[in-house]
Amino acid sequence: MEMANRPRICVISKSFGQYCKEALEILKSFSEVEIKSVKEQKEIIDVVKEFDGIIVGNEKINKEIINNAVRLKIIARHGVGIDNIDIDAATERGIVVTYTPQANSDSVAEYTIALILNIMRMIPKLHNITVNGGWNRILGYELMGKTVGIIGFGGIGKRVAKKLGGFDVKILVYDPYVKEEDIKKFGATPAQLDELLKTSDIITLHVALTSETKHLITRDKLKLMKNTAYLINTSRGAVVDEKALYEALKERWIAGAALDVFEEEPINPRNPLLTLENVIVTPHNANFTLEALRRTDLMNAEDLRRFFNGQKPTYIANPQVYSK
Ligand code: NAD
């Protein structure tokens with residue numbers, strides 16, 4: 001491509017290219033690349049105006065930004081959840097949005113299993129006791145023989161089921177959009193939401209955040225859970241009513257929770273969940289592995305190359321944009 005005609009691509013995502021120089025090389029082979037560290041959300045609007053393509057992480061790309069992005073033709077989301085991008089506004093302006101489905105699913109699924117085992121054995125607390133000179137043991141529970149309820153059976157939910165294969169557990173799945181036979185293939189049993197909540201020892205959330213899944217786990221739903229059960233959330237914070245969850249944990253309606261995601265991120269240091277003994281919290285870290293980042297980088301870079309070569313990207317989040 002002639003220098004003058006080369007598209008301009010802005011990397012806003014903080015992790016793109018950090019662990020995969022090949023992905024940056026792919027971009028540089030057909031475009032002018034600028035890496036911009038945007039500290040405040042309001043800076044994005046000015047930055048985006050000058051580019052044909054952007055790579056974004058969790059930054060909010062709202063209607064105002066999209067409508068001011070005069071040159072923008074493609075938004076590449078470095079990751080899976082696309083709830084931070086106003087897809088309708090992008091589609092309306094003919095802007096293609098790509099994402100990286102399944103790139104980090106194995107990392108999140110492995111992390112989910114790690115959180116299950118950590119909360120059942122209280123390993124972070126044991127670590128803290130031991131490094132502080134203590135030698136107290138904490139009675140834990142085996143995963144073997146328990147019932148694990150998986151809510152949301154997409155890329156990650158399915159992998160969690162697969163990876164649980166060696167643990168000798170019963171698996172229940174609630175996902176109204178997945179066929180029963182596709183659940184049974186994984187050795188799992190399809191269940192209604194309330195039945196799953198009432199009978200599972202461990203409940204793990206793997207739905208995308210939509211208007212339908214926002215506060216899917218309400219106070220009433222938490223009340224259905226066994227008082228010995230654990231809740232694991234690596235999906236999105238807002239899938240759970242966090243205030244109700246605090247009450248459930250504090251009052252011991254449920255035994256504990258391991259949370260990687262929160263309604264407000266970064267978590268407010270005054271969030272009362274941080275004061276509880278029966279909680280493990282991590283900073284939206286489930287996807288953060290070298291392998292997942294490399295896959296994500298390469299999927300973004302290849303799709304941008306395809307797009308600016310006049311081909312259809314492989315992983316399009318708003319395919320309807322092509323019928324406009
Ligand atoms: P996916 O789209 O493959 O699967 C989501 C599943 O949820 C689908 O099978 C869908 O049918 C199901 N679903 C939708 N509405 C539902 C409802 N009302 N009740 C039950 N099920 C419903 O997505 P995925 O790749 O498995 O990822 C799931 C979510 O995990 C992402 O959307 C993202 O928010 C989150 N995630 C978090 C991290 C992290 O670092 N913590 C990393 C990656 C993804």
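Think of each chain on its own: its residues are numbered from 1, step by step along the sequence as written. The predicted nature of this model means local features are confined to residues of pLDDT at least 70 and side-chain atom pairs, given and counted, to a pLDDT of 80 or more, with totals for whole chains, interfaces and linings taken over all residues. Side-chain figures throughout are based on the complete set of non-hydrogen atoms in the structure, without hydrogens or water.

**Observations concerning the overall build of the chain**
Secondary structure elements are taken from DSSP: a helix is a run of H or I of four residues or more, a strand is a run of E of two residues or more, and numbering for both begins at the N terminus. Helix and strand counts for the chain come out as 12 helices and 12 strands. The globule rule used for comparison is 2.2 Å times the number of residues to the exponent 0.38, while the radius of gyration itself is calculated over C-alpha atoms. In terms of overall dimensions, the chain is globule-like: its C-alpha atoms have a radius of gyration of 21 Å, near the 20 Å expected for 324 residues. Overall size of the chain, expressed as C-alpha extent along the three principal axes, is 65 × 50 × 35 Å. We call a residue buried when its accessible area falls under 20% of the maximum for its residue type, exposed when it is over 50%, and partly exposed in between, using a 1.4 Å probe and counting protein chains only. Across the 324 residues in the chain, those meeting the buried criterion constitute 49%. Intrachain contacts of the chain at a sequence separation of at least 6 include 63% that bridge at least 24 residues. Working note: accessible area of the chain is about 16,200 Å², and carbon and sulfur atoms make up 50% of it. His is not counted, nor are the chain ends; Lys and Arg add positive charge and Asp and Glu add negative charge. By convention, the charge on Lys lies at NZ, on Arg at CZ, on Asp at CG and on Glu at CD. Taking the average place of the 44 positive charges on the side chains of the chain and the average place of its 42 negative ones, the gap between the two points comes to 1 Å. The contact definition used throughout considers only heavy atoms, calling two residues in contact when any of these lie within 4.5 Å. Every accessible area reported is derived by Shrake-Rupley at a probe size of 1.4 Å, with residue values counting cover from the shown protein chains alone.

**Quick notes on the site of the ligand**
For each residue, the test is whether any non-hydrogen atom lies within 4 Å of the molecule or strand; if one does, the residue is near. Neighbouring residues of the ligand: 26 residues in total, closest G155, I156, D175, E212 and T234. Polar contact criterion, stated in full: a pair of N or O atoms within 3.5 Å, where within protein one must be able to donate a hydrogen and the other to accept it, and residues adjacent in sequence count only if both atoms are side-chain atoms. At 3.3 Å, a backbone N or O of G154 approaches an oxygen atom of the ligand. One nitrogen or oxygen atom from the main chain of I156 is found 2.8 Å from an oxygen atom belonging to the ligand. Summarising the interface, the protein chains cover 87% of the accessible area of the ligand, which totals 850 Å² for the free molecule. Each residue gets one of three labels, nonpolar for Ala, Val, Leu, Ile, Met, Phe, Trp, Tyr, Cys and Pro, charged for Asp, Glu, Lys and Arg, and polar for the others, Gly among them. Looking at the shell around the ligand, its residues break down into 12 nonpolar, 10 polar and 4 charged.

**Notes on the pairing of strand β10 (residues 230–233)**
Residues of β10 alternate between two faces, with Y230 and I232 on one and L231 and N233 on the opposite face, all of them buried. Crossover strand β9 (residues 202–205) to β10 through helix α10 (residues 219–224) is right-handed. Examined bridge by bridge, β10 and strand β11 (residues 256–259) share 4 bridges and lie parallel to one another. Within β11, the residue paired with L231 across the bridge is A257. Tracing the backbone out of β10, into helix α11 (residues 242–250) and back to the parallel element β11 gives a crossover that is right-handed. Orient the strands so they point away from the viewer; a crossover is then right-handed if the path from the first strand over the helix to the second runs clockwise. Whether two strands pair depends on DSSP finding at least two bridges between them.

**Looking at the packing of helix α1 (residues 21–30) against helix α12 (residues 290–308)**
One way to put it is that α1 packs onto α12 with a least axis distance of 8 Å and a crossing angle of 10°. Taken together, the axes of α1 and α12 are roughly parallel relative to one another. Between α1 and α12, the residues in contact are E22, A23, I26, L27, S29 and F30 and R294, D297, L298, A301, E302, L304, R305 and F308, respectively. Tallied by class, the residues present in the contact of α1 with α12 amount to 8 nonpolar, 1 polar and 5 charged. Between N-to-C directions, angles cover 0 to 180 degrees, with each direction set by a line fitted to C-alpha atoms, over the stretch in contact for helices. Should an angle lie under 35 degrees it is considered roughly parallel, over 145 roughly antiparallel, and from 65 to 115 roughly perpendicular; all remaining angles are considered oblique.

**Points about the sheet that holds β11**
Strand order across the open sheet formed by 7 strands is β8-β7-β6-β9-β10-β11-β12, with parallel pairing between neighbours. Either end of the sheet is taken by a strand with one partner, and the two such strands are β8 (189–190) and β12 (279–281). Pairing analysis gives 4 bridges linking β9 to β10, with the strands arranged parallel. The residue bridging T204 from the neighbouring strand is I232, located in β10.

**A short note on a nonpolar patch on the surface**
Residues form patches when they are more than 30% accessible in relative terms and have no salt bridge. Like charges link within 9 Å. Nonpolar side chains (Val, Leu, Ile, Met, Phe, Trp, Tyr) link within 5 Å. Whenever Lys or Arg places a side-chain nitrogen within 4 Å of a carboxyl oxygen from Asp or Glu, that contact is recorded as a salt bridge. On the surface, Y19, F288 and L290 cluster together into a nonpolar patch covering about 310 Å² of accessible area. Topologically, F288 is positioned in the loop between β12 and α12.

**Structural notes on the nonpolar core**
What is meant by a nonpolar core is a set of buried Ala, Val, Leu, Ile, Met, Phe, Trp, Tyr and Cys residues, joined one to another through side-chain atoms within 4.5 Å. Counting 30 residues, the largest nonpolar core has I151, L222, L231 and L245 as its most contacted members. Secondary structure elements with two or more residues in this core: β7 (170–174), α9 (193–199), β9, α11 and β11. No other element matches the 4 residues that α11 contributes to this core. Apart from residues lying up to four places away in sequence, L245 is in contact with L222, L231, V240, I254, L259 and L273. With 29 residues, the next largest nonpolar core counts V108, Y111, V160 and A255 among its residues.

**Describing the side chain of E242**
Assignment of secondary structure puts E242 in helix α11. Here E242 is buried and forms no salt bridge, its nearest opposite-charge partner K243 lying at an N-O distance of 7.8 Å. Those residues in contact with E242 that sit more than four places away from it in its chain are F262, E263, N271 and L273.

**Structural notes on the pattern of salt bridges**
Applying the stated criterion across every chain, the model contains 19 salt bridges. In this structure, E32 engages R6 in a salt bridge whose closest nitrogen and oxygen atoms are separated by 2.7 Å. One end of the pair, E32, is in strand β2 (residues 32–35); the other, R6, is in the segment before β1 (8–11), with 26 residues separating them in the sequence. Since its relative accessible area comes to 14%, R6 is described here as buried. Among the ionic pairs, K226 bridges to D201, the shortest N-O distance being 2.8 Å.

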